[in-house]
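# An overview of the molecular structure
Residue-level listing of the chains:
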Amino acid sequence: MSKKDGLHEDLHRGLEERHIQLIALGGAIGVGLFLGSATAIKTAGPALMITYLLGGIIIFYIMRALGEVAVAYPVSGSFSAYANRFLGPMAGYLTGWTYWFMWVVTCMAEITAVGVYMQFWFPEVPQWIPALAALVCMVVVNLIAVEAYGEFEFWFALIKVVTIIVMIVAGLGMIIFGIGNNGIPIGISNLWAYDGFSPKGLPGMIMALVMVMFAYLGIELVGVTAGEAKNPEKTLPAAIDKVFWRILIFYIGALFVIMSLYPWNQLGTIGSPFVLTFEKLGIRSAAGIINFVVLTAALSSCNSGIFSTGRMLYNLSLQGRAPGFFGKLSDRKVPMNGILVSSVFLLIGVVLNYLVPGKVFTYVTSVGTFAALWVWAVIVLVQMKFRQELTPEQQAELKYPMPGYPVINWICLVFLAFVAVVMCFDADTRIAMIVGPIWLGLLVAAYYMFGWDKPSIEGRQDINNSR
């Protein structure tokens, strides 16, 4: 079957509902919650929970926008393919390559982190050995079949989820019943006892917004899985509908427990809140447990990154905006060439960590920060354009319509623009707003240099045939 007949006649729909559910949840729970939460807490204090709630609401509606289009067009290129169809070839090209690069640089960092985490148990082993082993393992998993990716991601995400649930339940036991505190309930007075609930005021909540929004990066993976979901009309809405409530439980619930147990202004100076909570329960190996959880979180991110990069290059090739050999599938119906080439770049990233100064690597990874805002904005714009092309009768027949269209769309776009402005005021994130546009400029130059501006029907036919 030729690729002009529609790529999802070729890709194998092997992801079951439980895979999609955990991929959606795992994408929303990253290493940042375990390691980066203390920094965000110091920026906003207990009011950080409100910032997470606000960001979670926006992310939920962005996911609903993605869901409306993904149910109608379940293709693995997801927002790149949609942008190509509804916003034009340039938009699809820029979105696909930017998302690819975002995952490449993210996985570079995650693979390096694996080496660091493994030194907790094996300090005599050079960092590059476990980093390389992790890369090889995740590549092999992704080459086997899409079911292998889904199965690994299911268990990786489950480890994170179980850890957070145990921490929340144990923490509530301390707060209400005094378990681990000689039977004396700790209560929740720490939420306001140190300069109030919002000690840094509105400015603190706004500055924390950037960290909060990028804690959610990866949640859009649900859209990328659409082309290989067994029953996308059922599994995608089921996964997306539960995203918001899971964000409430796993982020806000965890933060509520952490900041009730410990004064917010001490976090970051007394160790990981998760380690502290488990130690308070008398679990001596708490540090080892959390190190294991963070290790699996890094492997999960790497696993998803390799999955996403292969699918993006595959779809870009079908659009005629990446080399043609990326559009070929292996006998197991996976985009092998895209996975292998992406993995070579990840291998370079492991080497770069030892050869270049940290600042240079920070500049490169800042594109990932910029890419998040770009992809989310494109998702919202795509859904608006998609809806505008439908007749009133077709709109009434939508299987998974986004609520609040078009008002909510504009609210989401204004919110994302506001986050971009906030990024310009922080030295650590300002570089992203410089490097990001430079990256897009380089892509535009390559677009014309390699002749990718020529009309291509593959991407458009792929979308239309997938319906």
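### Considering the pattern of salt bridges
For the coordinates displayed, the defined rule picks out nine salt bridges. Of the charged contacts, one joins Arg64 and Asp241 as a salt bridge, the two residues approaching to 3.7 Å between their closest N and O atoms. Of the two residues, Arg64 is situated in helix α3 (residues 48–72) and Asp241 in helix α10 (residues 232–241); the sequence distance between them amounts to 177 residues. In this structure Arg64 comes out as buried when scored by relative accessible area, which is 12%. Taking the shortest distance from any N to any O, the salt bridge between Lys399 and Glu233 comes out at 3.8 Å. Linking Lys399 in the loop between α16 (392–396) and α17 (407–423) with Glu233 in helix α10, this pair joins segments that are 166 residues apart in sequence. We classify Lys399 as exposed; its relative accessible area is 59%. Here the salt bridges share partners, and the residues they tie into one network are Glu16, Arg18, Glu151 and Lys230.

### Some points on the environment of Ala208
Within the secondary structure, Ala208 sits in helix α8 (residues 201–215). On the basis of relative accessibility, which here comes to 0%, the residue Ala208 falls in the buried class. Sequence separation between Ala208 and Ala44 is 164 residues, and the spatial gap between their C-alpha atoms is 6.2 Å. Apart from residues lying up to four places away in sequence, Ala208 is in contact with Ala40, Thr43, Ala44, Leu48 and Thr51.

### Focus: the packing of aromatic side chains
Within a pair of aromatic rings, the relevant descriptors are the distance that separates the centres and the angle that separates the planes. This structure, assessed with the given rule, holds 24 aromatic pairs. A centroid spacing of 5.7 Å and a plane angle of 55° characterise the contact between Tyr93 and Trp452, whose relative ring orientation is tilted. Here the residue Tyr93 occupies a position in helix α5 (residues 89–118), and Trp452 occupies one in the loop between α19 (432–449) and α20 (458–466), the gap between them amounting to 359 residues. On the accessibility criterion, Trp452 (14% relative accessible area) is buried. Measuring from ring centre to ring centre gives 6.4 Å for Tyr99 and Trp103, while their planes differ by 85°; the resulting arrangement is edge-to-face. Taken together, the residues Tyr99 and Trp103, both in helix α5 and four residues apart, mark about one turn of the helix. Among the residues examined, Tyr99 registers a relative accessible area of 1% and is labelled buried. In textbook terms, an aromatic cluster arises when at least three aromatic residues are bridged by ring pairs, as seen for Tyr93, Trp97, Trp100, Phe101, Phe345, Trp439, Tyr447, Tyr448, Phe450 and Trp452.

### Observations regarding a nonpolar patch on the surface
A surface patch of nonpolar side chains, about 570 Å² in accessible area, is lined by Trp128, Ile129, Leu132, Val136, Val140, Ile144 and Leu347. By residue number, the principal contributor to the nonpolar patch is helix α6 (residues 128–144), which donates six residues. As for its position among the elements, Ile129 is in helix α6. On the basis of relative accessibility, which here comes to 38%, the residue Ile129 falls in the partly exposed class.

### Description of the confidence of the model for the chain
Mean pLDDT for the chain: 86, with 90% of residues reaching 70 or above. The weakest mean pLDDT in the chain belongs to α20 at 49; the strongest belongs to α17 at 96. When the criterion is pLDDT under 50, residues 457–461 qualifies, and its contacts beyond four places in sequence or with other chains add up to eleven contacts.

### A short note on helix α4 (residues 78–86)
Within α4, nine of the nine residues are buried, which leaves the element mostly enclosed by the surrounding structure. Among all positions in α4, only Ser78, Phe79, Ser80, Ala81, Tyr82, Ala83, Asn84, Arg85 and Phe86 are buried. Gly88 sits one or two positions beyond α4 and adopts a positive phi of about 115°.

### Focus on helix α7 (residues 146–177)
Between its first and last C-alpha atoms α7 spans 46 Å; for 32 residues at 1.5 Å apiece the expected length is 46 Å, and the two agree. Gly178, located one to two residues past α7, shows a positive phi value of around 75°.

### Some words on the environment of Phe250
Along the polypeptide, Phe250 turns up in helix α11 (residues 243–261). Judged by relative accessible area, Phe250 falls into the buried class, the value being 6%. On a C-alpha basis, the gap between Phe250 and Ile379 in space is 25 Å, while along the polypeptide they are 129 residues apart. Those residues in contact with Phe250 that sit more than four places away from it in its chain are Leu25, Ile29, Leu33, Val161, Ile164 and Ile165.

Thresholds, definitions, all that
Sequence positions are assigned chain by chain, starting from 1 and proceeding in written order. For a predicted model such as this one, the threshold for reporting local features is a pLDDT of at least 70, and the threshold for listing and counting side-chain atom pairs is 80 or more; totals across whole chains, interfaces and linings nevertheless cover every residue. With hydrogens and water stripped out, all remaining heavy atoms of the structure feed into the side-chain values. By convention in these notes, a salt bridge is any Lys or Arg side-chain nitrogen within 4 Å of a carboxyl oxygen on Asp or Glu. Helix and strand definitions here come from DSSP, where helices need a minimum of 4 consecutive H or I residues and strands a minimum of 2 consecutive E residues; each element is numbered from the N-terminal end. The rule is simple: take the accessible area with a 1.4 Å probe, protein chains only, and divide by the maximum for that residue type; under 20% is buried, over 50% is exposed, in between is partly exposed. We call two residues in contact whenever any of their non-hydrogen atoms come within 4.5 Å of each other. For Phe, Tyr and Trp, rings pair up if their centres lie within 6.5 Å, where Trp contributes its six-membered ring, and each pair is then called stacked (planes under 30 degrees apart), edge-to-face (over 60) or tilted (otherwise). Nonpolar side chains (Val, Leu, Ile, Met, Phe, Trp, Tyr) within 5 Å and like charges within 9 Å form the patches, drawn only from residues with over 30% relative accessible area and no salt bridge. For the area figures, the Shrake-Rupley method with a 1.4 Å probe applies, and any residue is considered shielded solely by the protein chains shown. For every residue, the predictor reports its confidence as pLDDT, a number between 0 and 100. In a helix, the anticipated span is given by 1.5 Å times the number of residues less one.

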